[in-house]
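Residue-level structural notes
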Amino acid sequence: RMEYANASWIFVLNIPYDRVTTYAGRSFQETLLLLGIVIAALVGSSTLLYRNHRSKIIAEEEVKRWRDRRELEDKIRESEEQYRMLVETSSECICSLDLEGNFRFMSAAGLKMHGMEESEVVGRHCTEFVKPEYRPLLNEMLEKAKNGERARFEFEGDTVLGDKWFDSIIAPVRDESENIVSLL
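Let us look at the structure shown here. (Residues numbered from 1 in each chain as written. Predicted model: local features only at pLDDT ≥ 70, side-chain atom pairs only at ≥ 80, totals over all residues. Heavy atoms only, no water.)

All right, on to the pattern of salt bridges then. Applying the stated criterion to the full structure yields 11 salt bridges. With its nearest N and O atoms 3.1 Å apart, the salt bridge here joins Glu73 to Arg69. Note that Glu73 and Arg69 are positioned in helix α1 (residues 17-89) at a spacing of 4 residues, about one turn of the helix. The exposure class assigned to Glu73 is partly exposed, which follows from its relative accessible area of 35%. A relative accessible area of 58% means that Arg69 is categorised as exposed. The salt bridge partner of Asp158 is Lys131, with a shortest N-O separation of 3.6 Å. On the criterion of sequence distance, the pair formed by Asp158 in strand β5 (residues 151-159) and Lys131 in the loop between α3 (118-121) and α4 (135-146) is long-range, its members being 27 residues apart. Residue Lys131 is classed as buried on the basis of its relative accessible area of 16%. One salt-bridge network, in which partners are shared between bridges, spans Arg70, Asp74 and Arg77. (Salt bridge = Lys/Arg side-chain N within 4 Å of Asp/Glu carboxyl O. Helix = DSSP H or I, 4+ residues; strand = E, 2+ residues; numbered from the N terminus. Buried < 20%, exposed > 50% of the residue type's maximum accessible area, 1.4 Å probe, protein only.)

Below, the structure written as structure tokens:
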């Protein structure tokens, strides 16, 4: 029964009941299927949005780590340049020795004091540049430095330019784990 503008209408459908219920059931199934597709699309898009957001966060963290590393490398490079300038402009003999006492490096001032070129010094043992009577003392100072102590001593050295007196300090150089890796 349907009422419209003070009039009543009655519709009579001449369709079998099972056909009406089949249509209603099929319509309900199609609606559920459509609702399922919409929910799956929402879940899928939410997952993609979450992954995209997570990827963005990971990328931002990676960029920050890269920037931090770059800044650290720049600071290290600047520190090395300052160290190099200090060593190269010093009027003192600055040397680097391996743990056996062999020269790895000698500053320009040290080379000038000895009247030698770097190729004549690097790889040679430091006792070769000391008068024989001071070699036991130098070896003792090397052992102290290898054991973590700073050692200061005076000795007479043999140089190409003649005998010279030196006042030296041998100190251990440590890595980030505090292991002694060379002597200075």
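So, about the pairing of strand β6 (residues 162-170). With 9 bridges connecting them, β5 and β6 associate as antiparallel partners. Bridged to Ala151 within β6 is Ile170. Where β5 hands over to β6, the hairpin turn is made up of 2 residues, counted between the paired strands. (Pairing = 2+ DSSP bridges.)

A word on the nonpolar core. In this structure, Phe103, Val121, Leu138, Leu142, Ile170 and Leu183 are the most contacted members of the largest nonpolar core, which totals 22 residues. Per-element tally for this core: the top contributor is α4, with 4 residues. Those residues in contact with Ile170, other than ones at most four positions away along the chain, are Leu138, Met141, Leu142, Ala145, Glu149, Arg150, Ala151, Phe153, Leu183 and Leu184. (Core = buried A, V, L, I, M, F, W, Y, C linked by side-chain atoms within 4.5 Å. Contact = heavy atoms within 4.5 Å.)

Turning to the side chain of Ser96, a few remarks are in order. With respect to the helices and strands, Ser96 occurs in strand β3 (residues 95-97). Classification of Ser96 by relative accessible area gives buried; the value is 13%. Beyond its immediate stretch of four places on either side in the chain, Ser96 contacts Asn102, Phe103, Arg104, Phe105, Leu183 and Leu184.

Attention shifts here to the packing of aromatic side chains. Taken as a whole, this structure holds 4 aromatic pairs when the rule is applied. A ring pair is formed by Phe103 and Phe129, whose centres lie 5.2 Å apart and whose planes are at 90 degrees; its orientation type is edge-to-face. In this pair, Phe103 sits in strand β4 (residues 103-106) while Phe129 sits in the loop between α3 and α4, placing the two residues 26 residues apart along the sequence. Residues Phe103 and Phe129 agree in their burial class; the two are buried. Where Tyr134 meets Trp165, the ring centres are 5.6 Å apart and the plane angle is 80 degrees; that geometry is what we call edge-to-face. In this pair, Tyr134 sits in the loop between α3 and α4 while Trp165 sits in strand β6, placing the two residues 31 residues apart along the sequence. (Phe/Tyr/Trp six-rings, centres within 6.5 Å; stacked < 30°, edge-to-face > 60°.)

To continue, consider the pairing of β4. The sheet contact formed by β3 and β4 spans 3 bridges and is antiparallel. Note on β4: the bridge partner recorded for Leu97 is Phe103. Counting the residues between successive antiparallel strands, the hairpin from β3 to β4 contains 5 residues, one of them, Gly101, with a positive phi of roughly 100 degrees.

For the rest of this paragraph, the subject is the layout of surface pockets. The computed volume of the largest pocket comes to approximately 600 Å³. Lining the largest pocket we find 23 residues, and of these Cys93, Cys95, Asp167, Ser168 and Ile169 sit closest to its centre. Its residues placed into classes, the lining of the largest pocket shows 18 nonpolar, 2 polar and 3 charged. (1 Å grid on protein atoms, 1.4 Å probe; cavity = no way out; pocket = protein on both sides within 12 Å on 5 of 7 lines; lining within 4 Å. Points joined across faces, edges and corners; volume = space filled by probe spheres on them. Nonpolar A, V, L, I, M, F, W, Y, C, P; charged D, E, K, R; others polar.)

Further remarks concern α4. Between its first and last C-alpha, α4 extends 16 Å over 12 residues, near the 16 Å set by a 1.5 Å rise per residue. Within α4 the residues assigned to the buried category are Leu138, Met141, Leu142 and Ala145. Seen along its axis, α4 keeps its buried residues to an arc of 105 degrees; they face one direction. Looking at the buried residues of α4, the elements they touch are β3, β5, β6, β7 (172-174) and β8 (180-183). Among the residues trailing α4, Gly148 stands out with phi positive, at a value near 100 degrees. (Expected span 1.5 Å × (residues − 1). Arc of directions from axis to C-beta.)

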